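# A structural walkthrough
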Amino acid sequence: MNCIFCKIIKGEIPSSKIYEDNNFIAILDLSQATYGHTLIIPKNHYANLLDIDKDVLAESMITVQKVSNILMEKLNCEGFNIINNCNEIAGQTVMHFHIHIIPRYKDDNFKLETPNNQGKYNFEEIISKINKK
Ligand code: 5GP
Ligand code: ZN
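What the rule picks out here adds up to one aromatic pair. Ring geometry for Tyr35 versus Tyr105: centroids 6.1 Å apart, planes at 65 degrees, classification edge-to-face. One end of the pair, Tyr35, is in the loop between β2 (24-28) and β3 (38-42); the other, Tyr105, is in the loop between β5 (99-104) and α3 (123-131), and 70 residues separate them in sequence.

Structure representation (structure tokens):
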């Protein structure tokens, strides 16, 4: 399998690792959306959030918390965003499950744009689709 994160985990491609345990690594994302932008990556290959083993998924969030604490303390960020892109439509480019931690600083120029579509969609229609047997 030609997976860049599996290659990083095996040490075949260099990375800047800031944390490692038996099941996870945390590395600096090459793109650095903000200072210290980090990826939490399970050592086993899962394509995405729907594919991942439940226990590993739960442990992923615990690892996010551990590494976020490190970033808060050592880089003095004032908060962070966590992002998971699931599938290409959502911007997933590496098909090995990972969670982004994006540390936030005053004037960091990072924008998460969420449009306000209040009133645009029919809630009853959505609920009826979800409840349809
Ligand atoms: P996605 O778009 O799949 O959620 O995120 C993939 C991320 O992996 C991107 O932000 C990209 O910058 C990062 N990335 C891609 N290739 C490499 C690499 O070889 N090393 C590191 N450290 N990050 C990478
Ligand atoms: Zn992989």
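Moving on from the model shown.
The zinc ion (ligand 2) binds to the protein through Cys3 (SG), Cys6 (SG), His45 (ND1) and His96 (ND1); the donor distances cover 2.1 to 2.3 Å. Coordination at the zinc ion (ligand 2) comes from four donor atoms whose angles at the metal span 100 to 117 degrees, giving a geometry best classed as tetrahedral. Donor residues binding the zinc ion (ligand 2) come from one chain and are separated in sequence as C-x2-C-x38-H-x50-H. Taken together, the residues span a long stretch of sequence, with Cys6 in helix α1 (residues 4-10) and His96 in the loop between β4 (79-83) and β5 at a distance of 90 residues.

This paragraph deals with the site of ligand 1. Taken together, 16 residues are adjacent to ligand 1, and Asp29, Asn85, Gly91, Thr93 and His100 come closest. Within the backbone of Val94, an N or O atom sits 3.0 Å from an oxygen atom of ligand 1. When ligand 1 sits alone it has 520 Å² of accessible area, and the protein chains cover 83% of it. The element that contributes the greatest number of residues to the shell around ligand 1 is α1, accounting for three residues. Along the lines of polarity and charge, the residues of the shell around ligand 1 split into eight nonpolar, seven polar and one charged.

Let us now look at the sheet that holds β2. Backbone-to-backbone hydrogen bonds join strands into a sheet, with any given pair of strands oriented parallel or antiparallel. The five strands lie next to each other as β1-β2-β3-β5-β4, forming an open sheet whose pairing is antiparallel. Strand pairing shows two members of the sheet lacking a second neighbour, β1 (17-20) and β4, which therefore form its edges. If you compare each strand with its neighbour and ignore which way they point, the axes differ by 20 degrees on average. Taken together, the five bridges between β2 and β3 define a ladder with antiparallel strand orientation. Each bridged residue has a counterpart across the sheet, and for Phe24 the counterpart in β3 is Pro42. Lying on the sheet, helix α2 (residues 54-74) is in contact with β1, β2, β3, β4 and β5; it crosses β5 at an angle near 20 degrees.

Looking now at the environment of Lys66. Note on placement: Lys66 falls in helix α2. For the pair Lys66 and Tyr19, spaced 47 residues apart in sequence, the C-alpha separation works out to 9.3 Å. Dropping the residues within four chain positions of it, Lys66 is found in contact with Tyr19 and Asp21.

Rules of the game
- Residues numbered from 1 in each chain as written.
- Chains lettered and ligands numbered in written order.
- Predicted model: local features only at pLDDT ≥ 70, side-chain atom pairs only at ≥ 80, totals over all residues.
- Heavy atoms only, no water.
- Phe/Tyr/Trp six-rings, centres within 6.5 Å; stacked < 30°, edge-to-face > 60°.
- Helix = DSSP H or I, 4+ residues; strand = E, 2+ residues; numbered from the N terminus.
- Donors = N, O, S within 2.8 Å, 3.2 Å for Na, K, Ca; no water.
- Tetrahedral: all angles 85-135°; square planar, octahedral: opposite > 155°, others 65-115°.
- Near = heavy atom within 4 Å.
- Polar contact = N/O pair within 3.5 Å; in protein donor to acceptor, adjacent residues only side chain to side chain.
- Areas by Shrake-Rupley, 256 points an atom, 1.4 Å probe, with all protein chains shown as cover.
- Nonpolar A, V, L, I, M, F, W, Y, C, P; charged D, E, K, R; others polar.
- Pairing = 2+ DSSP bridges.
- Axes fitted to C-alpha atoms, helices over the stretch in contact; angles between N-to-C directions.
- Contact = heavy atoms within 4.5 Å.

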